[in-house]
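# Descriptive structure summary
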Amino acid sequence: MNLRKRLRKYLIMGSQNCPRDPVKILEEAIAGGITAFQFREKGLGSLKGEDKLSLGQKLRKLCRQHDVLFIVNDDSVLVDPLEADGIHVGQEDMSVKQLRSTFPNKIIGLSVSNEAELKESSVDVVDYLGAGPVFGTSTKLDAKVAVGVEWIEKLRGMYPDVPLVGIGGVTVRNSGLVLEAGADGVCVISAMTYADDVRDVASRL
Ligand SMILES: Cc1ncc(COP(=O)(O)OP(=O)(O)O)c(N)n1
Ligand SMILES: Cc1nc(C(=O)O)sc1CCOP(=O)(O)O
Ligand SMILES: [Mg+2]
């Protein structure tokens, strides 16, 4: 399956986003049909060190068993121990050029939230772009200003062939707008991790 298809339903989470066992939440999301997962263990209440690694290993194993793409957020040190398929970074993280030279064959995703960031970005060395926050979000405390689906349209126009996902405040109800604007996939955290029925949300997304 090509990357655009594999990024279609992209769950991102760490234990800090989960009101119950993250392993169970991922199992249910996989049963509902997610195609990609990002291990984003960061921020208030997140696990560190061995505990972080141990949870990452359990989530990685599940993704492998079900052929779900497994991406690590930010932490390049975890890529090899978790045998991740790739890494996602933002503008304030490790440079994508450096990552590309360290991981020539891994998937590299980069966040772009506005024109100024785009100007500074080496889009040519990454495999996909994460655009957002499309809508308002309270999950990421340092999220930038919501950019709307117009930002997706703009990026799609500029980069017709680059895999593109929308993130930030995405729900079952508004996910269609993100895809109609030209995204290949939608990323969600809270809409899935806090759902009463995770599997149902994943399948309807
Ligand atoms: C797919 C995807 N898109 C954007 C982000 C945000 O990355 P970043 O700006 O580095 O912020 P943090 O997630 O690290 O807080 C993402 N993680 N994934
Ligand atoms: C991790 C993250 N990155 C964003 C960006 O705009 O780059 S918004 C965000 C949080 C998304 O969480 P929710 O689906 O609960 O709104
Ligand atoms: Mg980051």
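Here the structure is shown first, and the text comes after it.
A brief structural summary. Treat the numbers as computed from the prediction; the structure is a model and nothing was measured.

## Topic: the site of ligand 1
Lining the immediate environment of ligand 1, one finds 17 residues, of which His88, Gly90, Ser111, Gly130 and Ile167 sit closest. Those elements that provide at least two residues to the shell around ligand 1 are strand E4 (86-89) and strand E5 (107-112). Of the residues assigned to the shell around ligand 1, the class counts are five nonpolar, eight polar and four charged.

## With respect to the sheet that holds E4
Pairing in this closed barrel of eight strands is parallel, and the strands run E1-E2-E3-E4-E5-E6-E7-E8 around the ring. Neighbouring strand axes in the sheet, compared pairwise and without regard to direction, differ in orientation by 25° on average. Pairing between E5 and strand E6 (residues 128-131): four bridges, direction parallel. Considered in E6, the bridge of leucine 110 is made with leucine 129. Packed on one face of the sheet, helix H3 (residues 49-65) meets strand E2 (36-39) and strand E3 (69-73) and runs near 170° to E2.

## Digging into the site of ligand 2
If you check the shell around ligand 2, you find 18 residues, and the closest are Gly132, Thr137, Thr139, Gly168 and Ser190. Tallied by class, the residues present in the shell around ligand 2 amount to eight nonpolar, nine polar and one charged.

## Side note on H3
Within an α-helix, residues lying three or four positions from one another point in the same direction, as the helix has 3.6 residues per turn. A rise of 1.5 Å per residue sets the reference length of H3, with its 17 residues, at 24 Å; its end C-alpha atoms lie 25 Å apart and thus fit the reference within 8%. Gly56, Leu59, Arg60 and Cys63 are the residues of H3 that are buried. End-on view of H3: buried residues confined to an arc of 110°, all on one side of the axis. Away from its buried face, by an angle of more than 90 degrees, H3 presents the exposed residues Glu50, Asp51, Ser54, Lys58 and Gln65. Here the buried face of H3 lies against helix H2 (22-31), E2 and E3.

Conventions adopted
Residues numbered from 1 in each chain as written. Chains lettered and ligands numbered in written order. Predicted model: local features only at pLDDT ≥ 70, side-chain atom pairs only at ≥ 80, totals over all residues. Near = placed C-beta within 6 Å. Helix = DSSP H or I, 4+ residues; strand = E, 2+ residues; numbered from the N terminus. Nonpolar A, V, L, I, M, F, W, Y, C, P; charged D, E, K, R; others polar. Pairing = 2+ DSSP bridges. Axes fitted to C-alpha atoms, helices over the stretch in contact; angles between N-to-C directions. Contact = placed C-beta atoms within 7 Å. Expected span 1.5 Å × (residues − 1). Buried ≥ 20, exposed ≤ 12 C-beta atoms within 10 Å, placed from the backbone. Arc of directions from axis to C-beta.

Fair warning: the whole summary comes from geometry, so function is off the table for now.
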